[in-house]
Amino acid sequence: MASVDYYAVLGVSRDASQEEIKRAFRRKARETHPDVADDPDAEERFKLINEAYEILSDEQKRANYDRYGTPDPRVGGFGTDFSGFGGDFFGINDIFETFFGGVSAGMGGRAVRTEGRDMSVQVTVTLEEAAFGVEREVAVTRLGPCSACGATGAAPGGAVKPCPECGGTGQRRTVRRTILGVMQSLTPCERCGATGRVVDPPCPECGGSGRAQMTESVTVAIPAGIADGQTVRVPGAGEAGVRGARPGDLLVRVRVAPHEYLHREGDDLHVMAVINIAQAALGATISVPGLEGDETVEVGAGAQNGDVVRLKGRGMPGLRGGRGDLHVHLRVEVPRKLDKRQRELLRELGESFGTGRGAKTRLERIKDWLGG
């Protein structure tokens, strides 16, 4: 299949910017539109200009075209050769791929996809925001409804009409005589890109697709209790459909940033609390960080290192209601340095427990018990 120099079609250099390509397309579209041009080949030239713009204005298709000479590297020598199936099979698929960016209409006249694709973005929230819910604004660059034509794809005074080539079916019937008899087949209509509709005249801003590249701010409502890695769906905020067809959705993946003190497991939260040996022995009232500020914790007398105190209902809210618990993990800290008075007091305490310096050893106590 012969390669088309789309840069030459628009009259731009191969390193032209997107703005230069857009200006060149508008100028060429005005010059070659069939309604204003006297050239008998104006319609074909206008279609080629639209095709060139759709490829060069798309970064991925332009990159494929620069590297392989085609917007789809599977076409034109990089895939299976279907030249024996009528000669125009790849041409039809190329047109659909270029203008609509969806699943191509294959052999047998299957309907093409005009609905917009889903898109995805990611946002990061704090643990507190994940607990109680928050609204976030995200910037989304997408193919949105063309404001110049109101997403119809038609220029002012124009209209979307049934395709005269296929009668609005999007399919073209081909009859061939072979040695096996008369063969009939359905192929996607090249004139309308298998959509069954044509735009007359097409909007110069969007080339008749009814959608244009834009960046918009979308409000995302993140529900209370959402977990790290879960997704929020914003209906209709994805890629716009062709000429007003149903748009795709925006899928927002939520990441929850680690908290300085709190660790989450499901709807439960865990926090570490350090207490001294006196608090562990006598019991104490302490404070620990929580979702809504400091939480009061009652530590019972005789607490041991590794004990856990549970505060019911002070954890994460659940997506379906209810609330988890806050687990306070106790760590008894033995002091490394003591002043003179503290040493005396602990020595007295140790002697009262029978563990001071003057206390009998374990072996001596056993001998006394045996009466030895």
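A brief look at the structure comes next. (Residues numbered from 1 in each chain as written. Predicted model: local features only at pLDDT ≥ 70, side-chain atom pairs only at ≥ 80, totals over all residues. Heavy atoms only, no water.)

**Re the packing of aromatic side chains**
Note the threshold: Here a pair means two rings of Phe, Tyr or Trp (six-membered ring of Trp) with centres within 6.5 Å. Their orientation is stacked below 30 degrees between planes, edge-to-face above 60, and tilted elsewhere.
A complete count under the given rule lists three aromatic pairs for this structure. Within the aromatic cluster, the residues linked to one another by ring pairs are Tyr6, Tyr7 and Tyr65.

**Description of the packing of helix H3 (residues 42–56) against helix H4 (residues 59–68)**
Rules: What counts as an axis is a line fitted to C-alpha atoms, over the stretch in contact for a helix, and the angles between N-to-C directions run from 0 to 180 degrees. Strands here are runs of E lasting at least two residues and helices are runs of H or I lasting at least four, both read from the DSSP assignment and numbered beginning at the N terminus. If an angle is under 35 degrees, it is roughly parallel; if it is over 145, roughly antiparallel; if it lies from 65 to 115, roughly perpendicular; otherwise it is oblique. Throughout, a residue-residue contact means that at least one pair of heavy atoms, one from each residue, lies within 4.5 Å. Just so you know the grouping, Ala, Val, Leu, Ile, Met, Phe, Trp, Tyr, Cys and Pro go in nonpolar, Asp, Glu, Lys and Arg go in charged, and all remaining residues, Gly too, go in polar.
It is at 6 Å that the axes of H3 and H4 come closest, and there the two elements cross at 105°. Viewed along their axes, H3 and H4 adopt a mutual orientation that is roughly perpendicular. Residues Glu54, Ile55 and Leu56 of H3 lie in contact with H4, whose contacting residues are Lys61, Arg62 and Tyr65. For the contact of H3 with H4, the residue count by class is three nonpolar, no polar and three charged.

**Comments concerning the sheet that holds strand E10 (residues 263–265)**
The condition is simple: Following DSSP output, two strands are said to pair if at least two bridges run between them.
The strand order E10-E11-E15-E14 describes an open sheet built from four strands, whose pairing is mixed. With partners counted over all chains shown, the strands left at the sheet margins are E10 and strand E14 (308–311), one partner each. For this sheet, the mean angle separating the axes of adjacent strands, direction not counted, is 30°.

**Examining the sheet that holds strand E8 (residues 231–234)**
Here three strands make up an open sheet; going across it, the order is E1-E9-E8 and the pairing mixed. Every interior strand has two partners, whereas the edge strands, strand E1 (119–125) and E8, have only one. Between one strand axis and the next, the sheet turns by 25° as a mean value, whatever way the strands run. Pairing of E8 with strand E9 (residues 250–256) involves four bridges; the strand directions are antiparallel. Bridge pairing in E9 links valine 234 to leucine 250.

**Structural notes on the side chain of arginine 211**
Note the cut-off: Whenever two N or O atoms come within 3.5 Å, that pair is a polar contact, provided that in protein one can donate a hydrogen and the other can accept it, and provided that, for residues adjacent in sequence, both atoms are side-chain atoms.
Looking at the element boundaries, arginine 211 is found in strand E7 (residues 211–222). A polar contact of 3.4 Å, which involves the side chain of arginine 211, links it to the side chain of glutamate 239. Of note is the side chain of arginine 211, whose polar atom sits 2.8 Å from the backbone oxygen of alanine 240.

Read these as geometric descriptors, not functional statements.
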